[in-house]
Amino acid sequence: MAQMDAIDAAILRTVQQNGRISNAELAERVGLSPSACSRRLDILEKSGVINGYYARVSPKALDYKMIAIVHISLSGQFAKTLAEFEAAVKLCPNVLVCYLMSGEYDYILRVAAKDLADYERIHRDWLSALPHVVKINSSFALREIIDRPNVGV
């Protein structure tokens, strides 16, 4: 995408706050005609600046009361090892986020569980069964301070 301007930034700020805003209302807020606004939004989507729209569902509303931060060490950092681990971890429905890391651990995961017994099940049936895992270190979040879904524009 070419350089973003102030209007693109205003569009991004607005749709980050309300992804369901109508094009007419968005156009009014950013000072464009509806057709010009629609064209700009389309460019932002097609260029990957906007990579989707979704509903943020509360894990607590679905009875997921625990978040575990899980550090994973693998037996090596070979491309095949990483690819096999990454393919398998994507299948675990309780893994909300997975990052390949530099430093002491190979991966950090954010895992949702209903309670300690549920986390034990996830650990036993999913995490311990992931390919090439040699070490798992779990910590439990006591309280969420911030979960910012959007970046500053």
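Residues numbered from 1 in each chain as written. Predicted model: local features only at pLDDT ≥ 70, side-chain atom pairs only at ≥ 80, totals over all residues. Heavy atoms only, no water.

Regarding a nonpolar patch on the surface
Together, Met 4, Val 49, Val 151 and Val 153 give the surface a local cluster of nonpolar side chains, amounting to about 330 Å² of exposed area. Note that Val 49 resides in the loop between α3 (34–46) and β1 (66–74). Val 49 gets classed as partly exposed once you look at its relative accessible area, which sits at 38%. (Patch = residues over 30% accessible without salt bridge, like charges linked within 9 Å, V, L, I, M, F, W, Y side chains within 5 Å. Areas by Shrake-Rupley, 256 points an atom, 1.4 Å probe, with all protein chains shown as cover. Salt bridge = Lys/Arg side-chain N within 4 Å of Asp/Glu carboxyl O. Helix = DSSP H or I, 4+ residues; strand = E, 2+ residues; numbered from the N terminus. Buried < 20%, exposed > 50% of the residue type's maximum accessible area, 1.4 Å probe, protein only.)

Examining the pairing of β1
Counting buried positions along β1 yields eight of nine residues, so the element is predominantly enclosed. Relative to strand β3 (residues 107–113), β1 runs antiparallel, the two being bridged by seven bridges. Paired with Met 66 across the bridge in β3 is Ala 113. Two strands pair when backbone bridges link them, and β1 and strand β4 (residues 133–140) are joined in this way by seven bridges, in the antiparallel orientation. Its bridge partner being in β4, Ile 72 is matched across the sheet by Ile 136. (Pairing = 2+ DSSP bridges.)

Some remarks on helix α2 (residues 23–30)
Turning to α2, its buried residues are Leu 26, Ala 27 and Val 30. Angularly, the buried residues of α2 cover 100° about the axis, an arc narrow enough to put them on a single face. Packing partners of the buried residues in α2 comprise α1 (6–17) and α3. Once α2 ends, the next one or two residues include Gly 31, with phi positive near 80°. (Arc of directions from axis to C-beta. Contact = heavy atoms within 4.5 Å.)

Looking at the layout of surface pockets
For the largest pocket, the calculated volume is near 770 Å³. By residue class, the composition of the lining of the largest pocket is 16 nonpolar, one polar and eight charged. Put simply, the second largest pocket is a space of about 640 Å³. In this structure, the second largest pocket is lined by 21 residues; those nearest its centre are Val 15, Gln 16, Gly 52, Tyr 54 and Asn 150. By residue class, the composition of the lining of the second largest pocket is ten nonpolar, nine polar and two charged. (1 Å grid on protein atoms, 1.4 Å probe; cavity = no way out; pocket = protein on both sides within 12 Å on 5 of 7 lines; lining within 4 Å. Points joined across faces, edges and corners; volume = space filled by probe spheres on them. Nonpolar A, V, L, I, M, F, W, Y, C, P; charged D, E, K, R; others polar.)

Some details on the UniProt feature "domain: HTH asnC-type" (unreviewed entry) in the protein
When the UniProt feature table is mapped onto this chain, "domain: HTH asnC-type" (unreviewed entry) is found at residues 4–65. Between the C-alpha atoms that bound residues 4–65 there is a distance of 40 Å. The span itself is 53% helix and 0% strand. (UniProt positions renumbered as here; feature names shortened; annotations may be inferred.)

Re the pattern of salt bridges
Working definition: two side chains of opposite charge can pair if their charged atoms are close together. Overall, the coordinates contain nine salt bridges when judged by the stated rule. Linking Lys 80 and Glu 84 is a salt bridge whose minimum nitrogen-to-oxygen distance equals 2.8 Å. Linking Lys 80 with Glu 84, this pair stays in helix α4 (residues 79–89), spanning four residues, or about one helical turn. What makes Glu 84 partly exposed here is its relative accessible area of 29%. Residues Asp 125 and Arg 124 are paired through a salt bridge, measuring 3.0 Å at the closest nitrogen-oxygen approach. Connected via shared salt-bridge partners are Asp 5, Asp 8 and Arg 40.

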